[in-house]
Amino acid sequence: GPFSHLPCNVWTWCSQPTCFEPDAHSHHFGDCWLKFSELPHQPEVNMREPMPRHYLQRHQRQLQTMGGFSWVSGALLPPGVALEKGTWSPRAYW
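Rules behind the numbers
Residues numbered from 1 in each chain as written. Predicted model: local features only at pLDDT ≥ 70, side-chain atom pairs only at ≥ 80, totals over all residues. Heavy atoms only, no water. Helix = DSSP H or I, 4+ residues; strand = E, 2+ residues; numbered from the N terminus. Buried < 20%, exposed > 50% of the residue type's maximum accessible area, 1.4 Å probe, protein only. Contact = heavy atoms within 4.5 Å. Areas by Shrake-Rupley, 256 points an atom, 1.4 Å probe, with all protein chains shown as cover. Pairing = 2+ DSSP bridges. Axes fitted to C-alpha atoms, helices over the stretch in contact; angles between N-to-C directions. 1 Å grid on protein atoms, 1.4 Å probe; cavity = no way out; pocket = protein on both sides within 12 Å on 5 of 7 lines; lining within 4 Å. Points joined across faces, edges and corners; volume = space filled by probe spheres on them. pLDDT = per-residue confidence, 0-100.

Regarding the overall build of the protein chain
The helix and strand tally for the protein chain stands at two helices and seven strands. Looking at the protein chain as a whole, 26% of its 94 residues are labelled buried. Taking the contacts inside the protein chain whose residues are at least 6 apart along the sequence as the reference set, 74% of them involve residues at least 24 apart. By element, 57% of the accessible surface of the protein chain is carried by carbon and sulfur atoms, the whole surface being about 6,700 Å².

With respect to the sheet that holds strand E4 (residues 32–35)
One open sheet accounts for three strands, arranged E4-E1-E6; its pairing is antiparallel. Taken across any chain shown, the strands that pair with only one partner, and hence form the sheet edges, are E4 and strand E6 (71–75). Averaged over all neighbouring strand pairs, the angle between strand axes comes to 10°, with direction disregarded. Where strand E1 (residues 10–14) lies against E6, five bridges are found, and the strand directions are antiparallel. Bridging from a neighbouring strand, Trp 13 pairs with Val 72 of E6.

Description of the layout of surface pockets
In this structure, the largest pocket occupies an estimated 890 Å³ of space. Lining the largest pocket are 31 residues, and of these Thr 12, Lys 35, Glu 44, Val 45 and Asn 46 lie nearest its centre. Of all the elements in the fold, those that place two or more residues in the lining of the largest pocket are E1, E4, strand E5 (44–45) and E6. With five residues, E6 is the single largest residue contributor to the lining of the largest pocket.

Structural notes on the side chain of His 27
Here His 27 shows up in strand E3 (residues 27–28). Note on His 27: relative accessible area 6%, which makes it buried. With sequence-adjacent residues up to four places away left out, His 27 is seen in contact with Cys 14, Pro 17, Thr 18, Cys 19, Glu 21, Trp 33 and Trp 71.

Let's talk about the side chain of His 41
Considering the arrangement of structural elements, one finds His 41 in the loop between E4 and E5. A relative accessible area of 19% places His 41 in the buried class. Beyond its immediate stretch of four places on either side in the chain, His 41 contacts Leu 77, Val 81, Ala 82, Leu 83 and Glu 84.

Structural notes on the pairing of E1
Here is the key point about a regular strand: its side chains alternate between the two faces of the sheet. Only one face of E1 is covered, namely the one carrying Val 10, Thr 12 and Cys 14; the face carrying Trp 11 and Trp 13 has none of its residues buried. Inspection of the sheet shows E1 paired to E4 by four bridges, in the antiparallel sense. Bridging across to E4, Thr 12 finds its partner in Trp 33.

With respect to the confidence of the model for the protein chain
For the protein chain, per-residue confidence averages 80 on the pLDDT scale, and 83% of positions sit at 70 or higher. Mean pLDDT in the protein chain bottoms out at helix H2 (residues 60–66), which sits at 69, and peaks at E1, which reaches 90.

Quick look at the structure:
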């Protein structure tokens, strides 16, 4: 596609037998997304602790079943660039 030349500089990986994500798919150990971000030092996050109360209430059963948040993510940053806390993505409010 038109973005195939962009380098991978951020990633997300499922570290547990099952990982919760509020979408229509099942996510399991080893699922991994390699992505490109124009601002890898300012990540847009879907989940991190502590999560907003409304999110925890809406997804309480799933999170208890899976033992909490099990996604691991990271960013490849240029030398001298510090990782910032970032912002909540729209998916954090599903």
